[in-house]
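Inside the fold
The lines below spell out each chain.
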Number of protein chains: 2
Amino acid sequence: MDQQLNEYLQKNRDSYLKQMIDFLSIPSISSDSTHRADVRHAADWLANNLSDGGLEHVSIMETEGHPVVYADYLHDTSKPTVLCYGHYDVQPVDPIDKWTTDPFKPEIKDNIIYGRGTSDDKGQVFMLAKMAETILAVKGDLPVNIKFLFEGEEEIGSAHLDAFVDQHIDLLKADVLLVSDTTMIGLNEPAVCYGLRGLCGLEVRLHGAKGDLHSGVYGGAVQNTLHAMVALMASLHEKSGKIAIESFYDDVAPLSADEKKTCDELSNDTALMQELHVNALVGEPDYSTVARIWARPTVEINGLFGGFEGEGLKTVIPSTATAKITCRLVPDQDPAVIGALMKRHLQKHLPAGVTLDVQLLDHAEPFAMPLNHPTLKAAGKALKDAFETEPIFSRQGGSVPIVNTFHNKLGTAPVLMGFGLDTENFHAPNEHFHLANYDRGLRALISFLYALPETM
Amino acid sequence: MDQQLNEYLQKNRDSYLKQMIDFLSIPSISSDSTHRADVRHAADWLANNLSDGGLEHVSIMETEGHPVVYADYLHDTSKPTVLCYGHYDVQPVDPIDKWTTDPFKPEIKDNIIYGRGTSDDKGQVFMLAKMAETILAVKGDLPVNIKFLFEGEEEIGSAHLDAFVDQHIDLLKADVLLVSDTTMIGLNEPAVCYGLRGLCGLEVRLHGAKGDLHSGVYGGAVQNTLHAMVALMASLHEKSGKIAIESFYDDVAPLSADEKKTCDELSNDTALMQELHVNALVGEPDYSTVARIWARPTVEINGLFGGFEGEGLKTVIPSTATAKITCRLVPDQDPAVIGALMKRHLQKHLPAGVTLDVQLLDHAEPFAMPLNHPTLKAAGKALKDAFETEPIFSRQGGSVPIVNTFHNKLGTAPVLMGFGLDTENFHAPNEHFHLANYDRGLRALISFLYALPETM
């Protein structure tokens, strides 16, 4: 990496971290309406910081929910344009008693920063801002054109982002979408993510008798919606762990031998079992753990409830039961097709004495880029420079709906280069972020902007 | 029935109903600690009412939970002694929005009284009190010795009643136990119940990973406790509806040909399906609906929950899942044996990757009296007099644990002569009680006290 840039980063490390702590101290919890002003405050803070860093056209743009922060630096139409995406909102902090530090008073211990949003995603949003600021401060210009789109509703499903993109399609046009909201393989094990699982969410409701019944008076004669529900839900999987829904795997693209090898090598079942405190791992047979997470679909029951939940017993036959399900999808599965297959299966296996109501909820298409795409090469080179090791071309099991939005609407090639770790407790108490990854990650992001024009 | 008694009942009908409405207006919900004072208030009200009605030794007797209301009238040791049992506590009222009247402002419409506790069991407790009061007012004496034992914890499993009976075994000695907490076959179809199902309750908890996991990051690799739970719960029944637990049916006494005939004749599946708004009835094959409810055991899931229950989706893999189960038992099943069989089954069918925690909760032995017992004959005669039709000798699918307590500890012959209807929504919104059954039932209770000395 360029000596001047490196020196500037070293000289300004403390000042940057102080700013990051300022940003993290704002409790921008998007799901909690009592924090509405805090979310706005975080947007203001970010806009000012981008402005101070030399970015132009900085603006807070309204949506029907929390605002979007936009900024750009567009000085040479012959250069590629990079659209940087991240989110400045954070998850709630419950259960607060499980935190060992105040979630909104970030603390640094042993080169790890603790606090809500450190890794997901304010810490990484801050890195994207500092990537541009550093180059502008040192060089007075950028090797690419750049646009920033930071949203405040990622943790509540990005409900208004699609509409925002539609309304501002010209403003957001770019060659590359750079997303820093994914994870590395491990400390000092950088990764470029080239694939994400999609999603098909549904809510299943069963209705039985007109109301809850006394299990003494009617038990043995009428369908219990929970009996029907457990039978129906148990029918979704074979005992082996394989999904039992007809045609579910039909469109699944097989893993290449190379991809399979990477997955198998990265699978460490013993370590994972220790990390999660479980005595066994389960899942689809014939695939390693990492292959199952990266490249195989799932049908996951996220919630199930019916009948009595209080202390002790209540002898009711519940009249309704509800299940919330998300299917994680892989290329080339189509969320709409999977939704239809799910509906057909549920109807076909519906036990007698109940009626079925299925609602399709969120969906996102799975995604995988060709491994030889030039942007992936630029990202690989940048990570190798910064981390001094070969990066892994990885997939991830989660969904980042924004990637699809941009790819489908704008044809933008995504680069998912994140610096969090799966063990950093995002969405949980004691979220944290390794500053070693922050330091090298920031260098990698800067290198990426220089590598990009060379490969495209 | 005696003319004087009949006239007295007619003259005092309005005054009695006003008192009953007073009693029903007290929200004596035993399971809810915020209603502790209301439960006590109901006990006070009942004690005062018994006292005003001429009963003696009226007292509110403490237990470790809600108190027992006791009263007696013991004037002639040569006469048989009847111990009357009922409960003055009621079920919670949730879901409150499904009620069309205020559950604690009873309303009479078309000779039906609506409100929590009208049929289960405050309305019937009130009838027992008025049975004695009426005879004493008119005749100045009773044809039997009588004792009242009204508890305030029936709806929460009568946790302290066994200890209370042990402590007061002499006080409670009686020849006959009269329980008005069961139901008739239909309006104007009286019944004496000679058998009750027992109960074995348990709570099943599954524990998976150390906490809820992100279904994107881990989905496909680790056990989801809800997947394990639905598989485990689905294993409790065969597809036919038969219970799949090994040895579960071993001790079930078969129905006699006569009993089977009664059950078959009383089964009206079309009417039941209409009543419950279901398109099919399900249950153990080869038994009619009434036989399944009266004389066959069940394994019923009363509640099941785990993971996300809010609006929309949350992509978690839940780390715990809970099921609440009650088995209804028939002669000669033993709750302790069934509890052990359940535990063995659950352990044996436990899916990989989760741990199991089973807690045995309430239990009650099943019960059936010989059909030629003299008290059953006296009850039959009294019902025929009051309802002008032959009563049915029935069983019921519910449990009345007190029946066993007294039969086992005191050798007391139980007479289960209740006046509720299965359709009267006990434990549910819009509980009600037909006053036609109240009127005839009160007459039947009075007649029973006169018939008893003749048959014993």
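Residues numbered from 1 in each chain as written. Chains lettered and ligands numbered in written order. Predicted model: local features only at pLDDT ≥ 70, side-chain atom pairs only at ≥ 80, totals over all residues. Heavy atoms only, no water.

**Remarks on the overall build of chain A**
We apply this condition: Only DSSP runs of H or I covering at least 4 residues are called helices, and only runs of E covering at least 2 are called strands; the numbering of each starts at the N terminus. With C-alpha atoms as the basis for the radius of gyration, the globule rule is written as 2.2 Å multiplied by the number of residues raised to the power 0.38. Relative accessibility under 20% of the residue-type maximum defines a buried residue, over 50% an exposed one, and the middle range a partly exposed one, all with a 1.4 Å probe and only protein chains included. Each accessible area is a Shrake-Rupley result for a 1.4 Å probe, and residues are judged covered by the shown protein chains and nothing else. Lys and Arg are tallied as positive, Asp and Glu as negative. Neither His nor the chain termini are counted. Taken as the charge centre is NZ of Lys, CZ of Arg, CG of Asp or CD of Glu, depending on the residue.
Counting secondary structure elements, chain A contains 15 helices and 18 strands. A globule of 456 residues ought to have a C-alpha radius of gyration of about 23 Å, and chain A, at 24 Å, matches this closely. The dimensions of chain A, computed from C-alpha atoms along their principal axes, are 80 × 50 × 45 Å. Sorting the 456 residues of chain A into buried and exposed places 60% on the buried side. If you sum the accessible surface of chain A, you get close to 17,300 Å²; carbon and sulfur atoms cover 48% of it. Charge-centre separation for chain A: the mean point of 37 positive side chains lies 3 Å from the mean point of 63 negative side chains.

**So, the packing of helix α12 (residues 374-387) of chain B against helix α14 (residues 435-455) of chain B**
Two quantities define a packed helix pair, namely the angle between the axes and the distance from one axis to the other. All names here are of chain B. Here is the rule: Axes, fitted as lines to C-alpha atoms, cover a helix only where it is in contact. Angles between the N-to-C directions of the axes lie from 0 to 180 degrees. Orientation is classified from the angle alone, with under 35 degrees giving roughly parallel, over 145 giving roughly antiparallel, 65 to 115 giving roughly perpendicular, and any other angle giving oblique. When the near helix sits turned anticlockwise from the far one by under a right angle, the crossing is termed left-handed; a clockwise turn instead gives a right-handed crossing. Between two residues, a contact is recorded if the distance between any of their heavy atoms is within 4.5 Å. Only Asp, Glu, Lys and Arg are considered charged in this grouping, and only Ala, Val, Leu, Ile, Met, Phe, Trp, Tyr, Cys and Pro are considered nonpolar; every other residue, Gly among them, is considered polar.
Direction vectors running N to C along α12 and α14 enclose 140 degrees, while the axes themselves pass 7 Å from each other. Considering the angle they form, α12 stands oblique to α14. The element α12 and its partner α14 pack so that their crossing is right-handed. Residues Pro374, Thr375, Ala378, Ala379, Lys381, Ala382, Leu383, Asp385, Ala386 and Phe387 of α12 form the contact with α14, whose participating residues are Asn437, Arg440, Gly441, Arg443, Ala444, Ser447, Phe448, Ala451, Leu452, Glu454 and Thr455. Counted by class, the contact of α12 with α14 contains 11 nonpolar, 5 polar and 5 charged residues.

**Quick notes on the side chain of Lys314 of chain A**
The cut-off we apply is this: Think of a salt bridge as a Lys or Arg side-chain nitrogen and an Asp or Glu carboxyl oxygen that are within 4 Å of each other.
With respect to the element layout, Lys314 of chain A can be found in the loop between β11 (298-307) and β12 (316-317). For the buried Lys314 of chain A, no salt bridge exists, and the shortest N-O distance to an oppositely charged side chain is 5.5 Å, to Asp212 of chain A. With residues near it in sequence (within four places) discarded, Lys314 of chain A still touches Phe308 of chain A together with Gln91, Asn302 and His427 of chain B.

**Here we look at the UniProt feature "domain: Peptidase M20 dimerisation" (unreviewed entry) in chain A**
What counts is decided by this rule: UniProt positions are given in the numbering used here, feature names are shortened, and annotations may be inferred rather than shown by experiment.
The positions that UniProt labels "domain: Peptidase M20 dimerisation" (unreviewed entry) are, in the present scheme, residues 194-353 of chain A. Across residues 194-353 of chain A one finds 33% helix and 23% strand; the C-alpha atoms that close the span lie 47 Å apart.

**Observations concerning the relation of the copies chain A and chain B**
For the record, the criterion: What sets the superposition is a least-squares fit of C-alpha atoms, and only residues with pLDDT of at least 70 in both copies go into it.
Superposing chain A onto chain B takes a rotation of 179 degrees plus a shift of 1.0 Å along the axis, which leaves an RMSD of 1.2 Å. Put plainly, the chains are arranged around a two-fold axis. Both copies present the same face, since 99% of the interface residues in chain A are matched by interface residues at the equivalent positions in chain B.

**So, the domain arrangement of chain A**
Residues and elements named next belong to chain A. Test applied: Segmentation into domains, and thus their bounds, comes from an automatic or database assignment. Once two parts are joined, some of their accessible surface, as seen by a 1.4 Å probe, is lost; buried area is that loss totalled over both.
Domain parsing of chain A yields domain 1 (3-196 + 366-455), domain 2 (198-252 + 297-364) and domain 3 (255-291). Around 380 Å² of area is buried between domain 1 and domain 3 when both sides are counted, 64% of it from carbon and sulfur atoms. Inspection of the domain 1/domain 3 interface yields 1 salt bridge. Across the pair Arg395 and Glu259 runs a salt bridge whose closest N-O atoms are separated by 3.3 Å.

**Regarding the interface of chain A and chain B**
Applicable threshold: In the analysis that follows, any N or O atom pair within 3.5 Å is treated as a polar contact, provided that within protein one partner can donate a hydrogen and the other can accept it, and provided that, for residues neighboring in sequence, both atoms belong to side chains. A pair of strands is considered paired only if DSSP assigns at least 2 bridges between the two.
Counting residues at the interface gives 77 residues for chain A, matched by 80 residues for chain B. For the pair chain A and chain B, the summed buried surface comes to about 6,000 Å²; carbon and sulfur atoms form 59% of the total. Inspection of the region where chain A meets chain B yields 39 residue pairs in polar contact (both at pLDDT 80 or more). Examining the composition of the side of chain A that touches chain B, we find that 10 residues originate from one element, β11 of chain A, more than from any other. When the residues that make up the side of chain A that touches chain B are grouped by side-chain class, the tally is 33 nonpolar, 29 polar and 15 charged. Sheet analysis places β11 of chain A next to strand β11 (residues 298-307) of chain B, joined by 5 bridges and oriented antiparallel. Bridge pairing links Gly307 of chain A to Gly303 of chain B in β11 of chain B.

**Points about a negative patch on the surface**
All names here are of chain A. Stated precisely, the cut-off is as follows: Each patch groups residues whose relative accessible area exceeds 30% and which form no salt bridge, using 9 Å between like charges and 5 Å between nonpolar side chains of Val, Leu, Ile, Met, Phe, Trp and Tyr.
Residues Asp250, Asp251, Asp332, Asp334 and Glu365 make up a contiguous surface patch of negative charge. Counting through the fold element by element, Asp250 comes out in the loop between α8 (225-234) and α9 (257-266). Overall, Asp250 belongs to the exposed group, its relative accessible area being 57%.

**Some thoughts on the nonpolar core**
Here is the rule: Buried Ala, Val, Leu, Ile, Met, Phe, Trp, Tyr and Cys residues form a nonpolar core when they are joined through side-chain atoms within 4.5 Å.
Grouped together as the largest cluster of nonpolar side chains are 88 residues, with contacts concentrated most on Met131, Phe148, Leu178, Phe419, Tyr438 and Phe448 of chain A. Among the elements that line this core, the one with the most residues is helix α15 (residues 435-455) of chain A, at 10 residues. Beyond its immediate chain neighbours, meaning those up to four positions away, Leu178 of chain A contacts Val82, Leu83, Cys84, Tyr85, Leu128, Met131, Val415, Met417, Leu445 and Phe448 of chain A. Core analysis: the next-biggest nonpolar cluster, separate from the first, contains 87 residues, Leu50, Ile146, Leu376 and Leu442 of chain B among them.

**Concerning helix α11 (residues 335-348) of chain B**
All names here are of chain B. What counts is decided by this rule: The span expected for a helix works out to 1.5 Å for each residue beyond the first. Think of the arc as the fan of directions from the helix axis to the C-beta atoms.
Compared with an ideal rise of 1.5 Å per residue, which puts 14 residues at 20 Å, α11 spans 20 Å between its outermost C-alpha atoms and is within 8% of the ideal. Of all the positions in α11, only Pro335, Ile338, Gly339, Leu341, Met342, His345 and Leu346 are classed as buried. Take α11 and look down its axis: the buried residues cluster within an arc of 165 degrees, on one side only. Exposed and oriented more than 90 degrees from the buried face of α11 are Ala336 and Lys348. Considering only its buried residues, α11 is in contact with β9 (198-207), α7 (225-234), β11, β13 (320-329) and β14 (355-364).

**Considerations on the sheet that holds strand β18 (residues 432-434) of chain B**
All names here are of chain B. Ordered by their spatial adjacency, 3 strands build an open sheet running β4-β5-β18, and the pairing between neighbours is antiparallel. In this open sheet, the two strands that pair with only one neighbour each are β4 (107-109) and β18. Between one strand and the next, the sheet's axes are offset by a mean angle of 25 degrees, whatever the strand orientation. Contacting β4, β5 (112-114) and β18, α14 runs over the sheet at an angle of about 55 degrees to β18.

**Details of the packing of aromatic side chains**
To keep things clear, this is the line we draw: Any two of the Phe, Tyr and Trp rings considered here, Trp counted by its six-membered ring, make a pair once their centres fall within 6.5 Å; the pair's planes then place it as stacked at under 30 degrees, edge-to-face at over 60, or tilted in between.
Applying the stated criterion across every chain yields a total of 12 aromatic pairs over all chains. Aromatic side chains Tyr16 of chain A and Phe126 of chain A sit 6.4 Å apart centroid to centroid with 90 degrees between the ring planes, which places their arrangement in the edge-to-face category. Of this pair, Tyr16 of chain A sits in helix α2 (residues 13-24) while Phe126 of chain A sits in helix α4 (residues 122-139), and the two are 110 residues apart along the sequence. In terms of burial, Tyr16 of chain A and Phe126 of chain A fall into one category: buried. With a centroid separation of 6.4 Å and an interplanar angle of 40 degrees, the aromatic rings of Trp45 of chain B and Phe126 of chain B are classed as tilted. You can see Trp45 of chain B sitting in helix α3 (residues 36-52) and its partner Phe126 of chain B sitting in helix α4 (residues 122-139), a full 81 residues away along the chain. Per residue, the accessibility class of Trp45 of chain B equals that of Phe126 of chain B, and both read buried.

**Remarks on unusual backbone geometry**
All names here are of chain A. Note that the residue after Asp94, namely Pro95, is joined by a cis bond; omega there is -5 degrees. Examined against the element boundaries, Pro95 turns out to sit in the loop between β3 (81-87) and β4 (107-109). Cis geometry marks the peptide bond from Asp120 to Asp121; its omega dihedral reads 5 degrees. Assignment of secondary structure puts Asp121 in the loop between β5 (112-114) and α4.

**Regarding the pattern of salt bridges**
In the structure shown here, the tally under the stated rule is 38 salt bridges over all chains. In this structure, Glu390 of chain A and Lys384 of chain A form a salt bridge, with 2.9 Å as the shortest nitrogen-oxygen distance. Accessibility expressed as a relative area gives 52% for Glu390 of chain A, which makes it exposed. For Arg13 of chain B, the salt bridge identified is with Asp439 of chain B, shortest N-O distance 3.0 Å. Of this pair, Arg13 of chain B sits in helix α2 (residues 13-24) while Asp439 of chain B sits in helix α14, placing them 426 residues apart in sequence.

**Some details on the sheet that holds strand β14 (residues 355-364) of chain A**
Across the sheet, which stays open at both edges, the 8 strands sit in the order β14(A)-β9(A)-β13(A)-β11(A)-β11(B)-β13(B)-β9(B)-β14(B) with antiparallel pairing between neighbours. Both outer strands of the open sheet, β14 of chain A together with β14 of chain B, are each paired with one neighbouring strand and no more. The sheet shows a mean angle of 20 degrees between the axes of neighbouring strands, direction not considered. Pairing analysis gives 10 bridges linking β9 of chain B to β13 of chain B, with the strands arranged antiparallel. Among the inter-strand pairings, His207 of chain B is bridged to a residue of β13 of chain B, identified as Thr320 of chain B. Against the sheet, α11 of chain B engages β9, β11, β13 and β14 of chain B, with an angle of about 165 degrees to β14 of chain B.

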